[in-house]
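Working through the structure, step by step
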Amino acid sequence: MKLGIVGLPNVGKSTLFNSLTKAGAESANYPFCTIDPNVGVVAVPDERLDVLTKMHNSAKTVPAVIEFVDIAGLVKGASKGEGLGNQFLSNIREVDAIVHVVRCFEDSNIVHVDGSINPLRDIETINLELIFSDIEVLERRIAKTSRGAKNDKKLAKEYDFQNKLKEFLEGGNMASSFECADEDEELWMSEYNLLTAKPVIYAANVSEDDLADDAADNPMVNDVRELAKKEGSQVFVICAQIEQEIAELDDDEKKEFLEDLGLKESGLEKLIKASYELLGLISYLTSGEQETRAWTIKKGTKAPQAAGKIHSDFERGFIRAEVVSYDALHELGSMQAAREKGLVRSEGKEYVMQDGDVVLFRFNV
């Protein structure tokens, strides 16, 4: 999974990026990997992996990972070359979702780029830059499509679609709210990789005082929640400053620190939960002496396609999947005990995978 982080300067975006990547790397003993200064790869915290690793005495543990792309310097006019954002906008064309950090706290020591705190205005500013960038992409495609549209009915149809979509964006609308008329339009929309077509998770950055009750009384956060509800987006409340402190702690200290703040989970865990829910993702698990690993798949994925995540040979030669739920396995303490209780099922090609399935795939080479 790949997430792009956007937000105006001084909203806490860089603090959040730095703390999330560091905390994520340390919490699962996964080496933080810097692909370039704006990209970080972190492990998805999953207690189930630790349990299964001990149960099977696995030589190694491989968590699922999330790649964060930090879009630095995105300001008003970025799509026209203002600030540094323009050169980084291309970095998020391939992301699965956008994490939009918005400032929802007052602090006279931290100057806002627009002179006042207004998260809805900030969201509109960023969205407009994304829209402008998408319009540029469409204009290039329209110029290319127009050359063959006169002699090709399919290209003519796509040309009309491109112009219709461009006009929609020029009205200040996000591509995610555009209603495609048929499968062709849905396919073209996915091919264009438009920034404004991507799912959005709003990270409402609040002061420490607002954390305990999830910012229930913060009017700015409630405004963001209302907007997200209309859009079908996700919102999670975070204090970037606190996340920075959490990132410096080991696991035991982190747990105690969160409890003192009245929190059940860190910002990273909130973000992962929101991301999985928004994108319709689940994890299944494999475990043995060699390794214990988490595999991320879409909800509704059938067993052969899930096997294909491991290796294409597994999907091509799929025979069956031996499946037991993690909860049952955890309760009984071993695969043997689960078998004796009749809880290890033999599932065929039509089986739809469930979150927490612990699986052994049988296949022909």
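The preceding data block contains the structure.
The paragraphs below set out a description of the structure included in this document. (Residues numbered from 1 in each chain as written. Predicted model: local features only at pLDDT ≥ 70, side-chain atom pairs only at ≥ 80, totals over all residues. Heavy atoms only, no water.)

**Looking at the side chain of Lys166**
Topologically, Lys166 is positioned in helix α5 (residues 153-170). The exposure class of Lys166 is buried, given its relative accessible area of 17%. For Lys166, the contacting residues outside a window of four places in its chain are Ile135, Leu138, Glu139 and Ile142. (Helix = DSSP H or I, 4+ residues; strand = E, 2+ residues; numbered from the N terminus. Buried < 20%, exposed > 50% of the residue type's maximum accessible area, 1.4 Å probe, protein only. Contact = heavy atoms within 4.5 Å.)

**As for the side chain of Asn218**
Within the fold, Asn218 resides in the loop between β7 (200-205) and α7 (219-231). Classification of Asn218 by relative accessible area gives buried; the value is 5%. Separated by 3.0 Å, the side chain of Asn218 and the backbone oxygen of Cys104 make a polar contact. One polar contact links the side chain of Asn218 to the main-chain amide nitrogen of Val221, over a distance of 3.1 Å. Ignoring sequence-local partners within four residues, the contact set of Asn218 consists of Cys104, Val206 and Asp210. (Polar contact = N/O pair within 3.5 Å; in protein donor to acceptor, adjacent residues only side chain to side chain.)

**Overview of the nonpolar core**
Side chains that are nonpolar tend, in soluble globular proteins, to be buried together. Grouped together as the largest cluster of nonpolar side chains are 49 residues, with contacts concentrated most on Phe68, Ile92 and Leu271. Counting residues per element, this core draws most heavily on helix α10 (residues 267-279), at seven residues. The contacts of Leu271, once residues within four sequence positions are left out, are Leu3, Leu20, Phe68, Val99, Ile201 and Phe236. Ala228, Val237, Cys239 and Leu261 belong to the second largest nonpolar core, which has 21 residues in total. (Core = buried A, V, L, I, M, F, W, Y, C linked by side-chain atoms within 4.5 Å.)

**Here's the deal with a negative patch on the surface**
Taken together, the side chains of Glu47, Asp50, Asp250, Asp251, Asp252, Glu253, Glu256, Glu259, Asp260 and Glu269 present a region of like negative charge at the surface. For the negative patch, the elements supplying multiple residues, two or more each, are α2 (47-56) and α9 (251-260). Among the elements that line the negative patch, the one with the most residues is α9, at six residues. Following the sequence through the fold, Glu269 ends up in helix α10. (Patch = residues over 30% accessible without salt bridge, like charges linked within 9 Å, V, L, I, M, F, W, Y side chains within 5 Å. Areas by Shrake-Rupley, 256 points an atom, 1.4 Å probe, with all protein chains shown as cover. Salt bridge = Lys/Arg side-chain N within 4 Å of Asp/Glu carboxyl O. Lys, Arg positive; Asp, Glu negative; His and termini not counted. Charge placed at Lys NZ, Arg CZ, Asp CG, Glu CD.)

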